[in-house]
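# Descriptive structure summary
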Amino acid sequence: QFLLADRFHLKSTAAEPWPENATLYQPLMDDQILLSDHASSLSVQAYLRMCGLPIQVVCRYNAEYMSPSGKIPFIHVGNQVVSELGPVVQFTKAKGHSLSDSLDDVQRAEMKAYMELVYNMLLTSELFVQWCDDATAGEISRPRYSSPYSWPLGNILAYQKQWEVRRKMNAIGWGGKTLEQVQVYEDVNQCCQALSQRLGTQPYFFNKQATELDALVFGHLFTILTTRLTSTELAERVKSYSNLLSFCRRIEQTYFEDKKLMKD
Amino acid sequence: MAAPDELFCWEGDWGLPSVSTDCLVVLVRVRSLKAPVQLRRPICSPWRSPGGSLPALRTNQNETLSRPSDIIIHLRKQKFNADFDLSAKEGADSLAFISLLEEKLMPALIYTFWVEPKNFVEVTRRWYAEHMMFPLNFFLPGRMQSRQLEKLRLLRGDEHLEAGEELEKELYRDAAECMNLLSQRLGSHKFFFGDSPSSLDAYVFGHLAPILKCKLPNGKLQQHLKSLDNLSDFCSNILLLYFPRDSREPSAQKAPAAPEAGDFDNVPNKRRKQFLSALFALGAMLSYALLTGMVSIQHGHQEALEEPPDPEHIGAHEEEGDG
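Just so it is clear, the model here is predicted, and its values are computed rather than measured.

The next subject is the pairing of strand β1 (residues 23-26) of chain A. All names here are of chain A. With burial as the criterion, each face of β1 is covered, one bearing T23 and Y25 and the other bearing L24 and Q26. Handedness of the crossover joining β1 and strand β2 (residues 56-59) through helix α2 (residues 35-51): right-handed. As paired strands, β1 and strand β3 (residues 74-77) are joined by three bridges and run antiparallel to one another. Note that in β3 the partner of T23 across the bridge is H76.

Structural data, given as structure tokens:
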């Protein structure tokens, strides 16, 4: 994100082509990575594959700290480091690769709005379930987050992260509530319903071509469907929309055929 | 139906029924649905509201709802729902655009009203201080500001966020993009979906109207909004439609109240206050001097000159020498 403030810098990146050794960094797959981070990482991977840009995925336990904005994932291209889907999209656009050029203004407005919908409702719900539900936080999130570190550092970091997320939930009015009180699953349901309506029977959200919205939705929905949590209710809500299920399957088969993604 | 629900909102100004975005959203929704909600006299103290914050809706089951989305859901449950007329796709679009507003426009709104130093001191804090009663007006605006700054920090995920050029540029850029997107989506229609307003219209109005109407020293957002004709017309349209009383400019009423305000300060009766304070200071100094004996009022000036000097007077002169 900090790179984008420097437009002059962006113009200079456009000159260089996409290198072969571009890398994407994320936390350790098996033991450490959490639902929300995996979803974000998968979105970026899907987007780059849709653009036809090669990327290698490297797992590092301190990926979060290496990232310029503190968020997962981040990509290392040439001598630049860019994190999160939004900046990555802008970065690839500067290099001449874009998926949304063929959209008209109204469609682009809708695409941006739906992306914000996913961030606002889906990502927030994921974070809430992970860190604010005591059962999930205690059984899954904290152990996983602290796994690369020895005691007591792991504990301290995990609690710190939990506290940070809970404060953020306070800001949006979800602080201090349990899963039942906060209509988390209701929000997820509404979000999926909206996405399902928008998708309809089309193969992708806009025209016949994938855009960054498709990458984002795929990343989150696929991760929700394939990650084991203390309860399956989150996945159940997504499963109740069949066109979203077939959408995920289609994207996986089209863009990830060479790679075995986490499968249920 | 039992007693109607009661709605508590912030007071209005600058031609708006309320100065708060959330209150505006709820008000527009209530009016457009013609819901039988009783609007309590606009208050200026969140302590008087049932939930401790504004807006607040007290339902007839004595339940209190504070978030605009909760209030709208409650109204919808009572079957006052214009969104029923929206197709499923339009409902989905509605949800998406509301998210866009909250992620891209609201941070800029918070910044421009509460964090930007000039705006906050000259407009926001002054307004709240003037409209709140003693003694709340001393500390409540400051507390509201720290809460808003905290909210902005959490939204941006940056613990050490401070007002500054860089942040302002980023936030305003996002907000400008959001407004452009809304403008493109609205096109030349009267409302976002069909011929009657939906909840998206309420949210858009609630966020844009304060920007449009309030005169801020740092008015970059307002300039950008005014350049988007269809959005400005949209706001004015809703104002005329649902709040005709408030849409008359209040500046005519304000003007006679401060005719001699002076150019550099809006304190009324400034000259009189200055004169009175100077008089008070002078009086205090004089009485102190008299009481300690530094100065003594002599009656009969001629006799004093002829009489031999009194010991008291000598004492007074000595004191004068010391003082």
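After presenting the structure, the write-up continues.
As used here, a disulfide is simply a covalent bond connecting the sulfur atoms of two cysteines. Residues and elements named next belong to chain A. Counted by the stated rule, this structure contains zero disulfides over all chains. With no disulfide of its own, C51 lies 19 Å from the sulfur of C248, the closest cysteine sulfur. Here C51 falls in the buried class, since its relative accessible area comes to 17%.

The next subject is the environment of B:S183. All names here are of chain B. As for its placement among the helices and strands, S183 is situated in helix α6 (residues 165-186). Classification of S183 by relative accessible area gives buried; the value is 12%. Each C-alpha atom of the pair S183 and W47 lies 38 Å from the other, and the pair is 136 residues apart in sequence. Beyond its immediate stretch of four places on either side in the chain, S183 contacts L228, N230 and L231.

Listed by partner, the interface residues are 25 residues for chain A and 25 residues for chain B. Counting each side, the surface lost to burial between chain A and chain B is near 2300 Å², with a carbon and sulfur contribution of 56%. It is A:E116, A:N120 and A:R167 that lose the most area in chain A upon contact with chain B, and together they represent 22% of the buried surface on that side. Counting the contacts that link chain A with chain B gives four salt bridges. A salt bridge links A:E110 to B:R185, with the nearest nitrogen and oxygen atoms 3.6 Å apart. For the interface between chain A and chain B, the tally reads six residue pairs in polar contact (both at pLDDT 80 or more). Elements with a contribution of two residues or more to the side of chain A that touches chain B: α5 (105-131), α7 (153-171) and α8 (184-199) of chain A.

Residues and elements named next belong to chain A. The terminal C-alpha atoms of α5, which comprises 27 residues, lie 38 Å apart, in line with the 39 Å expected from a rise of 1.5 Å per residue. The buried fraction of α5 amounts to 21 of the 27 residues, a majority that puts the element mostly inside the structure. Capping the start of α5 is the job of one residue whose side-chain oxygen sits 3.0 Å from the backbone nitrogen of V106: D104.

It is worth spelling out the packing of aromatic side chains at this point. For any pair of aromatic rings, the description consists of the separation of the ring centres together with the inter-plane angle of the planes. A full pass over the atoms with the stated rule returns 15 aromatic pairs over all chains. Relative to B:F120, the ring of B:W114 has its centre 5.9 Å away and its plane inclined at 40°; by these criteria the two rings are tilted. In terms of burial, B:W114 and B:F120 fall into one category: buried. A:R167 extends its terminal NZ or CZ atom over the ring of A:W163, reaching a point 5.0 Å from the ring centre.

All names here are of chain A. Look at α2 against helix α4 (residues 85-94): their axes get within 10 Å of each other, and the N-to-C directions meet at 20°. Viewed along their axes, α2 and α4 adopt a mutual orientation that is roughly parallel. Our pair here, α2 against α4, has a crossing hand that is right-handed. Where α2 abuts α4, its residues S43, V44, Y47 and L48 lie against L85, V88, V89 and T92. Looking at the contact of α2 with α4 residue by residue, the classes come out as six nonpolar, two polar and no charged.

With that settled, consider the domain arrangement of chain A. Residue and element names in this part refer to chain A. For chain A, the domain assignment lists domain 1 (1-95) and domain 2 (105-257). The centre of domain 1, based on its C-alpha atoms, is set 19 Å off from the matching centre of domain 2. On the side of domain 2, 33 residues touch domain 1, which itself brings 23 residues to the contact. Between domain 1 and domain 2, a total of about 2400 Å² is buried, with carbon and sulfur atoms accounting for 65% of that surface. In this structure, the connection of domain 1 to domain 2 is made through one salt bridge. Residue K161 is joined to E64 by a salt bridge in which the shortest nitrogen-to-oxygen separation is 3.2 Å. At the junction of domain 1 with domain 2, the criterion picks out eight residue pairs in polar contact (both at pLDDT 80 or more). Contributions of two or more residues to the side of domain 1 that touches domain 2 are made by α2, α3 (63-66) and α4. The leading source of residues in the side of domain 1 that touches domain 2 is α2, at eleven residues. Its residues assigned to classes, the side of domain 1 that touches domain 2 shows 13 nonpolar, six polar and four charged.

Bringing the nonpolar core into the picture now. Membership of the largest hydrophobic core comes to 158 residues, with the highest contact counts inside it found for A:I75 and B:F205. With 15 residues, the single largest contributor to this core is helix α3 (residues 88-115) of chain B. Each of domain 1 (1-95) and domain 2 (105-257) of chain A gives at least three residues to this core. Apart from the residues lying within four places of it in its own chain, the contact partners of A:I75 are A:W18, A:T23, A:L24, A:V44, A:L48, A:I55, A:Q80, A:V81, A:V82 and A:V88. Core analysis: the next-biggest nonpolar cluster, separate from the first, contains five residues, A:Y25, A:A63, A:I72 and A:F74 among them.

Criteria and cut-off values
- Residues numbered from 1 in each chain as written.
- Chains lettered and ligands numbered in written order.
- Predicted model: local features only at pLDDT ≥ 70, side-chain atom pairs only at ≥ 80, totals over all residues.
- Heavy atoms only, no water.
- Buried < 20%, exposed > 50% of the residue type's maximum accessible area, 1.4 Å probe, protein only.
- Helix = DSSP H or I, 4+ residues; strand = E, 2+ residues; numbered from the N terminus.
- Right-handed = clockwise from strand over helix to strand, strands pointing away.
- Pairing = 2+ DSSP bridges.
- Disulfide = S-S within 2.5 Å.
- Contact = heavy atoms within 4.5 Å.
- Buried area = accessible area lost by both parts, 1.4 Å probe.
- Salt bridge = Lys/Arg side-chain N within 4 Å of Asp/Glu carboxyl O.
- Polar contact = N/O pair within 3.5 Å; in protein donor to acceptor, adjacent residues only side chain to side chain.
- Expected span 1.5 Å × (residues − 1).
- Phe/Tyr/Trp six-rings, centres within 6.5 Å; stacked < 30°, edge-to-face > 60°.
- Lys NZ or Arg CZ within 6 Å of the ring centre and 35° of its normal.
- Axes fitted to C-alpha atoms, helices over the stretch in contact; angles between N-to-C directions.
- Parallel < 35°, antiparallel > 145°, perpendicular 65-115°, else oblique.
- Left-handed = near helix turned anticlockwise from the far one by under 90°.
- Nonpolar A, V, L, I, M, F, W, Y, C, P; charged D, E, K, R; others polar.
- Domains from an automatic or database assignment.
- Core = buried A, V, L, I, M, F, W, Y, C linked by side-chain atoms within 4.5 Å.

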